[in-house]
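Fold and geometry: a report
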Protein chains: 2
Amino acid sequence: MSLPTCPIPLGDYPRVLLAHGGGGRLMHRLIDELFLAAFGAPATRHDGHVFTPPAGALAVTTDSFVVRPLFFPGADIGALAVYGTVNDLAMCGAAPHALAAAFVLEEGLAIETLWRVVHSAAAAARAAGVPIVTGDTKVVERGKGDGVFITTTGVGVVRPGVELAPAHIRPGDAVLLSGEVGNHGVAVMAAREGLTFTAPIESDAAPLWPLVEVLLTATGGAVHVLRDPTRGGLATTLCELAAGAELGLEIDAAAVPVAAPVGAACELLGLDPWYVANEGKLVAVLPGDHAPAALAALRGHPLGRDAAVIGTVTEAHPGRVVARNALGGTRVIEMLSGEQLPRIC
Amino acid sequence: MSLPTCPIPLGDYPRVLLAHGGGGRLMHRLIDELFLAAFGAPATRHDGHVFTPPAGALAVTTDSFVVRPLFFPGADIGALAVYGTVNDLAMCGAAPHALAAAFVLEEGLAIETLWRVVHSAAAAARAAGVPIVTGDTKVVERGKGDGVFITTTGVGVVRPGVELAPAHIRPGDAVLLSGEVGNHGVAVMAAREGLTFTAPIESDAAPLWPLVEVLLTATGGAVHVLRDPTRGGLATTLCELAAGAELGLEIDAAAVPVAAPVGAACELLGLDPWYVANEGKLVAVLPGDHAPAALAALRGHPLGRDAAVIGTVTEAHPGRVVARNALGGTRVIEMLSGEQLPRIC
């Protein structure tokens, strides 16, 4: 990706100063020349943005992003902040309509680093087809932050007739996963620790709404719930769904796709890929008779080409997730209990 | 204000751990027992909230709050995070409809401190009549944050027919201010530096929508623009309005109310109260013939009892703000250029 030249002359203020958050001239210049230059016209200079959404249900979601390092194979904090929030909207069955982005900067951050992050967020927003309409900038003293934290909030338009909730899950439902798990967490971890693998591992960060759209269309909206397995990974997401539905999930362990390099890296790092965060995957629970059409729809989209039916919903063991291996052995899947990978998103 | 006992036993995990942001059991417990306990039913445990707003225009606004210290006379970061965002909506002519709150916590923060902040945010949301419907929690390592940062995003319902923008300002308009300036910034500064004054100075943090509502009603919606003079203070807000309208503002310096203790504290601290942040004041620009009704309406509300007409809009000196003193002398008011008070909100 070629990056336009940072529009703020680096010889002028090459690093973020406290005054960049003070509300005065320097802040206005940062907003005009850096943020608005990247985000384009819809971003209002005023503190609020007025818009008229289509009639019907909206979704709103917010997430702070504190990933470390700021840049890693496949993505960076700017792209992640956009895709993470767009994906939370998609999990509500909502097309992204508008984003707000609030930045907490650490004094001393290189303006050029900020420019790269902001430009990446702008590119991600364009890729996801959503405008960044308003924002905020604060600066904290050196040692009171960590480069840049971004909080993005999304407003989405819920597809008419779609209502997704764990309470809609029924015995006999199929559990689908859109692709390989663990890539994002391993990519970030490797970048943080300076590890390199012979087969490069990239974050899967991507905007999921187009994949949700084909899934909803293919099933006539018959999806019961969608979740993106981010922090806590696939295992934690499955546990949340079982608990929310008060039903059991029976997972075919061999059906869960894990890329070979990710599996190898996890073994090396002592991680279980089922607990590692993803940023471009979804879990869908839907009536079993819709599963073939749903699977075909997912596989027909580039983001879902490794999709699989990974399990079924059962009245046995309500609230619990049980994984069955190829030999017929079973183990109970527990929610992540401690902290496996801090600051992964 | 009496505070319920912190529901998470302090002997258990008395301080925030990295695992509280990890997506697993500890995070779920923090959300259920602390955040949801304070914010109540509407806050969804899932990452997104679905709602159906009334038809018409909505406003969206986001702000990160990094104020230091967390607690200061008159308010704290929790109340400020709610009122600040509610007020940005009000400046769009919008009643608050829903809030999202994202927390970035520093490892080691006392759970009881977090509980006080969250409880204060919940109380402020109740006072403003707006539910906190969704949120997020992240944890950064000790020394990579500063206790707690909060990003709140608000969705508001714009009052039908109201369209506020600096471009609507016309020559002959009156400039109104709803009360004394400088209280918030001086209260925070004094708390930070451990200063005490004989006359206690409290932050003016308050939700402004009720005041906006009476103003819009009294003027039949004839208001041209509203702004809350936060970072950069009254002076910077006036400069922004003059620049946005491409018209001049002529301000009667003696008409700008400053509480005597705030004026004295500013003199002591070398601050100009016109540049000090407020969190419960508004500036309204509206047609001169509506000014008497507008002033009466503001003064009839507890948050506007010291309201004043502080100036007029002129075609002379477009883009500039000129203050005239009691002796007829004038000075040009400039936007804040450096950083007067870092981390004031």
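One can find the structure itself at the top, above this paragraph.
Residues numbered from 1 in each chain as written. Chains lettered and ligands numbered in written order. Predicted model: local features only at pLDDT ≥ 70, side-chain atom pairs only at ≥ 80, totals over all residues. Heavy atoms only, no water.

With that settled, consider the overall build of chain A. Counting secondary structure elements, chain A contains 8 helices and 14 strands. The C-alpha atoms of chain A give 21 Å as radius of gyration, which agrees with the globular expectation for 345 residues (20 Å, within 12%). Projected onto its principal axes, the C-alpha coordinates of chain A cover approximately 65 × 50 × 30 Å. Sequence separation of 24 or more characterises 86% of the internal contacts of chain A that already satisfy a separation of 6 or more. Put simply, chain A shows about 12000 Å² of open surface, and 54% of that area lies on carbon and sulfur atoms. When the 22 basic and 33 acidic side-chain charges of chain A are each reduced to a single mean position, those positions are 4 Å apart. (Helix = DSSP H or I, 4+ residues; strand = E, 2+ residues; numbered from the N terminus. Rg over C-alpha atoms; globule rule 2.2 N^0.38 Å. Contact = heavy atoms within 4.5 Å. Areas by Shrake-Rupley, 256 points an atom, 1.4 Å probe, with all protein chains shown as cover. Lys, Arg positive; Asp, Glu negative; His and termini not counted. Charge placed at Lys NZ, Arg CZ, Asp CG, Glu CD.)

Three or four residues apart is the spacing at which side chains of an α-helix point the same way, because the helix has 3.6 residues per turn. Spanning 15 residues, helix H1 (residues 25-39) of chain A covers 20 Å between terminal C-alpha atoms, matching the ideal 21 Å at 1.5 Å per step. Where H1(A) bends most, at A:Ile31, the angle is about 30°. Every buried residue belonging to H1(A) is among A:Leu26, A:Met27, A:His28, A:Leu30, A:Ile31, A:Leu34, A:Phe35, A:Ala38 and A:Phe39, and all of these are buried. In this structure, the buried side of H1(A) is in contact with strand S5 (94-106), helix H3 (111-128) and strand S6 (132-140) of chain A together with helix H6 (233-245) of chain B. Where H1(A) terminates, the next one or two residues include A:Gly40, which has phi positive at roughly 85°. (Expected span 1.5 Å × (residues − 1). Bend = angle between axes of the 7 residues up to and from the residue. Buried < 20%, exposed > 50% of the residue type's maximum accessible area, 1.4 Å probe, protein only.)

Okay, the relation of the copies chain B and chain A next. Superposing chain B onto chain A takes a rotation of 180° combined with a translation of 0.0 Å along the rotation axis, leaving an RMSD of 0.0 Å. These values place the two chain copies in the arrangement generated by a two-fold rotation axis. Proximity to the rotation axis, assessed at the C-alpha, singles out B:Gly145 in chain B; its C-alpha lies 2.2 Å from the axis. A share of 100% of interface residues in chain B that are also interface residues in chain A marks the association as one of identical surfaces. (Least-squares fit on C-alpha atoms with pLDDT ≥ 70 in both.)

A word on the sheet that holds strand S1 (residues 48-51) of chain A. Spatial strand order, S1(A)-S2(B)-S7(B)-S5(B)-S6(B): 5 strands in an open sheet with mixed pairing. Strands at the two margins of the open sheet, each flanked by one partner only, are S1 of chain A together with strand S6 (132-140) of chain B. The average angle at which neighbouring strand axes cross in this sheet is 15°, direction not considered. Two strands pair when backbone bridges link them, and strand S5 (residues 94-106) of chain B and strand S7 (residues 148-158) of chain B are joined in this way by 11 bridges, in the antiparallel orientation. Among the inter-strand pairings, B:Phe103 is bridged to a residue of S7(B), identified as B:Ile150. Contacting S5 and S6 of chain B, helix H1 (residues 25-39) of chain B runs over the sheet at an angle of about 140° to S6(B). Taken strand by strand, helix H3 (residues 111-128) of chain B contacts S5, S6 and S7 of chain B, and its axis lies near 175° from that of S5(B). (Pairing = 2+ DSSP bridges. Axes fitted to C-alpha atoms, helices over the stretch in contact; angles between N-to-C directions.)

Attention now moves to the nonpolar core. B:Phe39, B:Val82, B:Phe103, B:Leu105, B:Leu114 and B:Val148 are the most contacted members of the largest nonpolar core, which totals 56 residues. Counting only elements with at least two residues in this core, the list comes to H1, helix H2 (77-90), S5, H3, S6, S7, helix H4 (183-193) and helix H7 (260-269) of chain B. Per element, the largest residue contribution to this core is 10 residues, and it comes from H3(B). Those residues within four positions of B:Val148 in sequence are excluded, and the remaining contacts are B:Leu70, B:Ile77, B:Phe103, B:Val104, B:Leu105, B:Leu109 and B:Val117. A:Ala79, A:Leu99, A:Ala124 and A:Val262 belong to the second-largest nonpolar core, a separate cluster that totals 55 residues. (Core = buried A, V, L, I, M, F, W, Y, C linked by side-chain atoms within 4.5 Å.)

Going through the model one piece at a time under the given rule, you end up with 22 salt bridges over all chains. With its nearest N and O atoms 2.9 Å apart, the salt bridge here joins B:Arg231 to A:Asp136. On the criterion of chain membership, the pair formed by B:Arg231 in the loop between strand S9 (225-227) and H6 and A:Asp136 in strand S6 is interchain, its members lying in two chains. Comparing B:Arg231 with A:Asp136, the two get one shared label, buried. A:Glu141 is the salt-bridge partner of B:Arg68, the closest N and O atoms lying 2.8 Å from each other. On the criterion of chain membership, the pair formed by B:Arg68 in the loop between strand S2 (58-65) and strand S3 (71-72) and A:Glu141 in the loop between S6 and strand S7 (148-158) is interchain, its members lying in two chains. (Salt bridge = Lys/Arg side-chain N within 4 Å of Asp/Glu carboxyl O.)

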